[in-house]
Structures are given as structure tokens and as C-alpha cells.
Amino acid sequence: MIDIKDIKKIQNIFSGSDIGEIEIRHGKDALRMTISHAKKKLRTNRVKPPAPPKAADPSPADPGIYELHSKWIGFFTRLNSKTGENYIKLRDVVKKGDIVGHVRVLGVLQDITSEVNGKVKEVLVEEGQPIEYGQPVMRFEIEH
Amino acid sequence: MFRKILIANRGEIAVRIIRAAKELGIPTVSVHSEADEQCLHTQLSDQDVCIGPALSSESYLNILAVISAAEITGADAIHPGYGFLAENPKFSGICKDHKITFIGPSAEVIDLLGNKAYARNTMKEIGVPITPGTDIITDTREPLEFASRAGYPVIVKAVAGGGGKGMRVAWSDEELANIIPIAQAEAKSAFGNPDVYVEKFLREPRHIEIQFLADNYGNVVHLGERDCSIQRRHQKLVEESPSPSLSADVREKMGEAVKKGVKKVGYSGAGTMEFLYDTDGKFYFMEVNTRIQVEHPVTEMRTSIDIVKEQIRTAMGERLSFKQEDVEFKGNAIECRINAEDPYMNFMPTPGVIQDFHLPGGPGIRVDTHCYSGYEIPKFYDSLLAKVIVWGRNREEAIARMKRALQEFRASGIKTTIPFYEKLLESPDFLKGMYSTNFLENFKFNC
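J.: Kindly report on the overall build of chain A, identifying the contributing residues and their values.
T.: A count of helical and extended segments in chain A gives 1 helix and 12 strands. Ordering the α and β elements of chain A from the N terminus gives α-β-β-β-β-β-β-β-β-β-β-β-β. For chain A, restricting intrachain contacts to residue pairs at least 6 apart in sequence, the fraction spanning at least 24 positions comes to 55%.

Here you go:
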């Protein structure tokens with residue numbers, strides 16, 4: 001059986017390195033250690049107003065899911081002003097290049113287009129909400 | 001009162017502006033690139049907006065992105081800091097078009113003073129001495145005639161240049177004739193304007209600049225000088241006030257020249273007028289920087305005047321809160337710019353994670369920084385890590401205090417320029433205050 005002191009030593013050796021995960025086998029015993037290298041976040045007492053919010057959830061790890069990010073800074077809308085209806089709703093199937101919404105940038109509507117063929121899984125921002133560069137806007141289930 | 005100020009900058013100057021706005025009770029919005037999400041300014045502001053990828057040209061220099069960020073957050077004023085869009089007349093004009101107050105002079109004034117030939121002529125008209133030189137070069141005969149009258153060396157400068165860019169020194173007729181077309185081509189490619197002019201080159205000048213503040217009602221005050229002669233490749237390293245070389249008489253003449261010049265062009269806000277001070281005691285106008293400068297805390301330490309707050313107040317249409325006779329100059333202040341660079345490796349930038357960050361403290365010490373323990377210095381921007389500014393009752397005390405501060409300063413995990421400054425502060429020429437812009441040519445650090 002691996003001694004707790006040995007585990008501590010191994011942890012000390014790897015905590016200063018870039019190695020994120022290590023697996024050690026010794027006879028019948030096996031140890032897998034995962035070390036987090038997450039960046040320290042500065043704590044401040046600021047009160048951050050909701051606008052413009054960022055998605056709480058980072059990019060999905062599922063390779064079958066595609067997350068569309070905003071290239072613009074402005075106000076998000078799904079509304080197609082010509083038809084008076086939303087460009088997309090949940091579970092709609094879209095093709096690469098289809099317009100799925102707009103960002104109103106200083107009064108000018110900039111297109112948001114899908115970069116994949118897929119099915120709308122989630123819309124992450126609300127109608128009229130301010131969004132920033134790189135902010136996740138929608139998620140799609142990729143269809144091949 | 002502004003509803004909200006957006007700071008169109010990053011790093012320590014963004015932090016400095018947030019602090020001034022907070023003390024005035026004005027909410028702030030910081031903007032940042034994807035590489036700067038962890039930068040302190042994004043943590044201290046009330047709101048922050050990501051405006052683009054790491055490259056400055058696509059984020060901090062992206063006018064559309066900055067104005068859009070102001071729109072979505074409801075900011076009605078933008079402070080540009082220094083660098084990036086600070087001296088861009090187009091940006092100042094676009095802010096005005098969108099009913100956003102640009103905290104700085106008008107687009108017209110930035111444009112006029114950004115043209116060095118115009119600025120020189122304006123100062124000449126009101127009797128401010130300028131270095132002997134030509135107008136914009138239109139033929140090859142004119143600069144050669146000037147050089148034969150003034151004597152070599154002469155310097156070729158781009159009218160739109162700055163920060164040492166677009167300058168070349170000539171020591172003979174042949175060299176001058178060769179340099180002019182090269183300088184014109186360089187100026188066109190770097191600044192979009194090929195115009196150059198020729199000036200007498202001073203061999204051992206000091207770089208002296210005067211800080212000023214002006215409001216919209218014609219009130220102008222100057223806050224004394226800073227001696228910024230210690231430079232490396234035209235980038236200032238150490239600044240001090242007062243200058244160890246200036247007589248009271250010259251100081252007063254410079255101050256009066258500044259006030260006349262600033263009034264003449266209808267300037268409003270904070271700015272700096274730069275001069276070359278020659279060994280014979282004469283001074284010559286060089287240029288006006290139409291923005292807050294990196295080294296402004298040196299003046300703040302000596303005068304106890306918050307330049308950034310005054311800048312914001314005057315942009316809100318308020319009158320300057322004091323008169324020239326109210327300005328009190330006390331003691332000596334010195335600033336060292338600490339960079340994340342390896343002084344033993346020709347000042348190579350050393351981006352990376354700061355493992356442990358400890359700042360000096362105690363009487364008379366101020367540190368302006370955007371860094372903290374665990375902060376990763378991105379490789380995309382300038383390598384300024386912190387500005388250490390000290391105040392002392394006299395120059396000796398200020399120097400001793402700076403040495404102590406640098407000993408206390410700890411930033412592990414990266415290389416810094418602190419060892420360079422520790423040696424510089426031992427230099428007999430620096431201790432005697434006898435230095436010019438050529439100081440580093442004779443100062444041997446890595447030996």
C-alpha cells in the first residue's frame with residue numbers, strides 16, 4: 001500500500017511543474033493524482049452590475065457541441081425585422097452561413113451567422129441584452 | 001458630473017484613472033482584450049467589457065469596439081490614458097460625434113500640436129525659443145544650406161513623429177543628402193505622412209518637460225518641471241523633479257513660455273510641453289504631449305495635486321480648482337519605471353507569471369502598478385510592471401529612499417530591471433545630478 005507520506009512527497013514534486021495528471025503503479029497498488037493549475041483570481045469587493053454578463057458556463061467539452069461566440073460589442077437580437085419573427089428557436093436546424101441573429105453595433109445591425117450545420121441547443125443571451133467580444137451566444141448540436 | 005467613465009486603456013494607467021474616478025464618485029468601465037482578462041483594472045472597475053483579441057490593433061486601438069463598449073454600458077466620457085488612442089484626433093472627434101466626452105483636448109488641438117512643424121512655428125510666433133531648423137523639406141538645397149549655417153551635426157525629424165521614431169542624425173553634407181529621402185520614406189510608412197524637417201542637433205542636452213493644466217475658461221497653470229534625461233532608445237527610465245540642473249530663472253522662463261503657448265492654442269485639460277536644455281543654459285521647445293504622461297506622479301508627489309482628478313474635472317467643464325500662486329513645490333521626487341525585462345540580456349522582455357509580489361512601503365513611497373501575485377504578464381504589450389515614485393525633503397533623501405524601496409520590491413518568477421536601477425543610483429554622475437540624454441552611452445551596467 002502507498003504511504004501517505006509518499007503521496008505528499010509526490011504532490012510537492014509536481015505542484016511546481018506543469019504536469020496536470022500523473023498515474024503511478026506499484027505492484028497491485030495504483031495512484032492517480034490530478035493537480036489543478038488554475039490561475040489565481042484576485043479577490044476584490046467590487047459589485048459588478050449584470051450588464052454585460054458573461055456566460056457562467058465555459059465552452060462545452062463535448063465535441064458534438066459547437067458554441068458560437070460574438071465578434072461584436074453591442075445589443076443582441078434574434079428578431080428578423082423583415083418577417084417580425086425570430087431567426088431561430090430551440091431545436092431548429094441551421095446550415096453553416098445561416099443568419100441566426102444580429103448584434104446592434106452603434107445602431108447598425110451586424111449579422112451573427114452559424115459556423116456549423118446543426119441543431120439549436122441553447123440560446124445563451126436574452127433579447128436586447130448587451131454582449132461583449134467573445135461572449136458565447138448560442139450552442140448547437142453539430143450534424144454531420 | 002459624468003454618469004460613467006470608460007477607460008480606453010490597460011495596465012497601471014487604467015488603475016490610476018479608476019482610482020481618480022472613484023474618489024470623484026464616478027462609476028467606471030474598463031475595457032480589455034482577451035489576453036487581459038486578469039489585469040487589475042478589470043477587477044477594480046465597476047464594469048468591464050472584452051473588446052477584442054490580444055492584438056492591440058484589434059482591441060485597444062479598435063475605435064469601433066471602444067465606442068460600442070461605451071454605448072452598451074452607458075458611459076458618457078472616455079479617458080484614453082497614454083499611448084493607444086490618447087493622441088488620435090480622429091478618435092477624439094468620433095467621441096464628440098457620439099456625444100461622449102473625450103477626456104483630453106479637442107481633435108483640432110491634438111491634430112495641430114501633433115504636427116511638429118506647426119507646433120514649432122506656433123511657439124516661435126509667441127517668442128518661445130525653438131531649436132534652429134528648417135521648415136518642411138521641399139528640395140535638397142535648403143537643408144544643406146541650413147546645415148552649413150548651423151554647423152553639423154543636424155537631425156532629420158518626421159513632422160508626425162514621436163517617441164524617437166522618424167529621427168536620424170547627419171554629420172556631413174553627403175550623409176544629410178542620403179538620409180533625407182530615407183527619412184521621408186520611413187515617415188510615410190510609419191506615420192502616413194512623408195514630411196520631414198531638419199534641426200540643429202544638440203550634443204548633450206537635457207530633456208526637461210513642464211506639466212500643465214488648463215480649463216475651458218482660459219486658465220492655465222504649470223506644475224513645474226520633470227527632468228527625463230535618462231533614457232534608453234528614447235524611452236524614459238528615470239524622471240525627477242526638480243531638475244538638478246535648472247536655475248530658478250530658466251525654470252520661470254520655461255513656465256511662462258508654457259502658459260503662453262497653451263493659451264495660444266486654446267488647450268484644455270492636462271498636457272506636457274517638452275524642451276531640450278543645452279549646456280549653455282539655453283532651452284528650446286521640442287513638442288507638446290496632449291495627454292497624461294507615465295511620469296505624472298513625480299509632479300503629484302511634489303505638489304500634492306491630483307493631476308488626473310483635475311483632468312477629469314476640467315473635462316466636465318469645471319474651472320481649475322487652484323491658481324498658479326496656490327501651487328507649492330515641496331522637496332524632491334524621483335520615479336523609476338520597473339519593467340519586466342532582463343537587464344543582463346539587453347533588456348529582453350520577460351513575460352510570465354509573477355509568483356510572489358511584494359511592494360515597498362513606508363514614508364514617501366508610492367507604487368503604481370496593475371500587477372499582483374499570480375498575475376501573468378502578457379507578451380503582447382509593453383513590459384512596464386510598476387512605477388516606483390519616492391519623495392524626500394531633498395534629493396539625497398529621495399535617492400536613499402529609492403534605494404530602500406528597490407531593495408524591498410519583490411517580484412519573483414520573472415526578471416525585472418531593478419538591478420539596473422540599483423547600479424544607476426550608485427553612479428557618481430547621477431548622484432551629482434550631472435547627466436544628459438547621452439547618460440546611458442557612458443554608463444556601464446553589465447560589466
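J.: Run through the sheet that holds strand 1 (residues 5-7) of chain B, naming residues and quoting values.
T.: Residues and elements named next belong to chain B. The strand order 3-2-1-4-5 describes an open sheet built from 5 strands, whose pairing is parallel. Only two strands of the sheet have a single partner each, and these edge strands are strand 3 (47-52) and strand 5 (101-102). Note that strand 4 (residues 77-79) and strand 5 share 2 bridges and pair parallel. Considered in strand 5, the bridge of Ile-78 is made with Phe-102.

J.: Give me the lowdown on unusual backbone geometry, citing residues and values where you can.
T.: Residue and element names in this part refer to chain B. In this structure, the amide linkage connecting Tyr-152 to the following residue, Pro-153, adopts the cis form with an omega of 5 degrees. Following Ser-241, the chain continues to Pro-242 via a peptide bond in cis, the omega torsion being 0 degrees. Here Pro-242 is to be found in the loop between strand 11 (235-241) and helix 9 (248-265). Notably, His-234 is not glycine yet its phi reads approximately 70 degrees, a positive angle. With respect to the helices and strands, the residue His-234 is situated in the loop between strand 10 (220-232) and strand 11. In this structure, Phe-347 takes a positive phi of about 60 degrees despite not being glycine. Structurally, Phe-347 can be placed in the loop between strand 15 (341-342) and strand 16 (348-349). Judged by local crowding, Phe-347 falls into the partly exposed class, with 19 C-beta atoms found within 10 Å.

J.: Quick one: what's the story with helix 7 (residues 141-150) of chain B, residue by residue and with numbers?
T.: All names here are of chain B. Among all positions in helix 7, only Pro-143, Phe-146 and Ala-147 are buried. In a view along the axis of helix 7, the buried residues occupy a sector of 100 degrees, so they form one face of it. Summarising the geometry of helix 7, the exposed residues directed more than 90 degrees from the buried face are Arg-141, Glu-145, Ser-148 and Arg-149. Following helix 7 by one or two positions, Gly-151 adopts a phi angle in the positive range, close to 85 degrees.

J.: Describe the packing of helix 4 (residues 89-97) of chain B against helix 5 (residues 107-114) of chain B, listing the residues and the values that go with them.
T.: For any two helices packed against each other, one specifies the crossing angle of their axes together with the interaxial distance. All names here are of chain B. Contact pair helix 4 / helix 5: the axes reach a minimum separation of 8 Å and the direction vectors enclose 175 degrees. As far as their axial angle goes, helix 5 and helix 4 are roughly antiparallel. Residue-level inspection shows Pro-89, Ser-92, Gly-93 and Lys-96 of helix 4 in contact with helix 5, the latter providing Ala-107, Ile-110, Asp-111 and Gly-114. Along the lines of polarity and charge, the residues of the contact of helix 4 with helix 5 split into 3 nonpolar, 3 polar and 2 charged.

J.: Can you break down the domain arrangement of chain B residue by residue, with the values?
T.: Considered domain by domain, chain B is made up of domain 1 (5-102), domain 2 (132-200) and domain 3 (206-442). Using only C-alpha atoms to locate each centre, domain 2 of chain B and domain 3 of chain B end up separated by 29 Å.

J.: Before we move on, can you summarise the pairing of strand 9 (residues 108-113) of chain A with the specific residues and values?
T.: Residue and element names in this part refer to chain A. The pairing of strand 8 (residues 99-105) with strand 9 spans 6 bridges and is antiparallel. Note that in strand 9 the partner of Ile-99 across the bridge is Thr-113. Between strand 8 and strand 9, which pair antiparallel in sequence order, lie 2 residues; one of them, Leu-106, sits at a positive phi of approximately 50 degrees.

J.: Before we move on, could you go through the packing of helix 1 (residues 11-23) of chain B against helix 11 (residues 307-315) of chain B and cite the residues and values that matter?
T.: Residues and elements named next belong to chain B. It is the contact of helix 1 with helix 11, at a shortest axis distance of 9 Å, that shows an interaxial angle of 65 degrees. The handedness of the crossing between helix 1 and helix 11 is right-handed. Contacts from Arg-16, Ile-17, Ala-20, Ala-21 and Glu-23 in helix 1 reach Val-308, Lys-309 and Ile-312 in helix 11.

J.: Help me get a handle on the sheet that holds strand 10 (residues 118-123) of chain A, residues and values and all.
T.: Residues and elements named next belong to chain A. Ordered in space as 3-12-10-7, the 4 strands form an open sheet in which the pairing is antiparallel. Taken across any chain shown, the strands that pair with only one partner, and hence form the sheet edges, are strand 3 (65-69) and strand 7 (93-94). Here strand 10 runs beside strand 12 (residues 136-142); their pairing, made up of 5 bridges, is antiparallel. Opposite Lys-119, over in strand 12, you have Glu-141 as the bridge partner.

J.: Outline the nonpolar core, listing residues and values.
T.: Counting 93 residues, the largest nonpolar core has Leu-6, Ile-51, Val-66, Ala-69, Ile-78, Phe-212 and Phe-275 of chain B as its most contacted members. The dominant element in this core, judged by the number of residues it contributes, is helix 1 of chain B, at 7 residues. Excluding residues within four positions of it along the chain, Ile-51 of chain B makes contact with Ile-73 and Tyr-133 of chain A together with Val-31, His-32, Ser-33, Ser-59, Asn-62, Ala-65, Val-66 and Ala-69 of chain B. Counting residues in hydrophobic clusters, the runner-up holds 34 residues, among them Leu-237, Val-298, Cys-336 and Ile-354 of chain B.

J.: Could you give an account of helix 8 (residues 173-191) of chain B, naming the residues involved and the relevant values?
T.: Residues and elements named next belong to chain B. In a regular helix each residue adds 1.5 Å, so 19 residues correspond to 27 Å; helix 8 covers 26 Å between its end C-alpha atoms and thus fits that length. At Ile-179, helix 8 is bent by approximately 25 degrees, the largest bend along its length, and proline Pro-181 sits one to four residues beyond. Of all the residues in helix 8, the buried ones are Leu-176, Ile-179, Ile-180, Ala-183, Glu-186 and Ala-187. A positive backbone phi angle near 75 degrees is found at Gly-192, which sits one or two residues after helix 8.

Cut-off values and rules
Residues numbered from 1 in each chain as written. Chains lettered and ligands numbered in written order. Predicted model: local features only at pLDDT ≥ 70, side-chain atom pairs only at ≥ 80, totals over all residues. Helix = DSSP H or I, 4+ residues; strand = E, 2+ residues; numbered from the N terminus. Contact = placed C-beta atoms within 7 Å. Pairing = 2+ DSSP bridges. Buried ≥ 20, exposed ≤ 12 C-beta atoms within 10 Å, placed from the backbone. Arc of directions from axis to C-beta. Axes fitted to C-alpha atoms, helices over the stretch in contact; angles between N-to-C directions. Parallel < 35°, antiparallel > 145°, perpendicular 65-115°, else oblique. Nonpolar A, V, L, I, M, F, W, Y, C, P; charged D, E, K, R; others polar. Domains from an automatic or database assignment. Left-handed = near helix turned anticlockwise from the far one by under 90°. Core = buried A, V, L, I, M, F, W, Y, C linked by C-beta atoms within 7 Å. Expected span 1.5 Å × (residues − 1). Bend = angle between axes of the 7 residues up to and from the residue.

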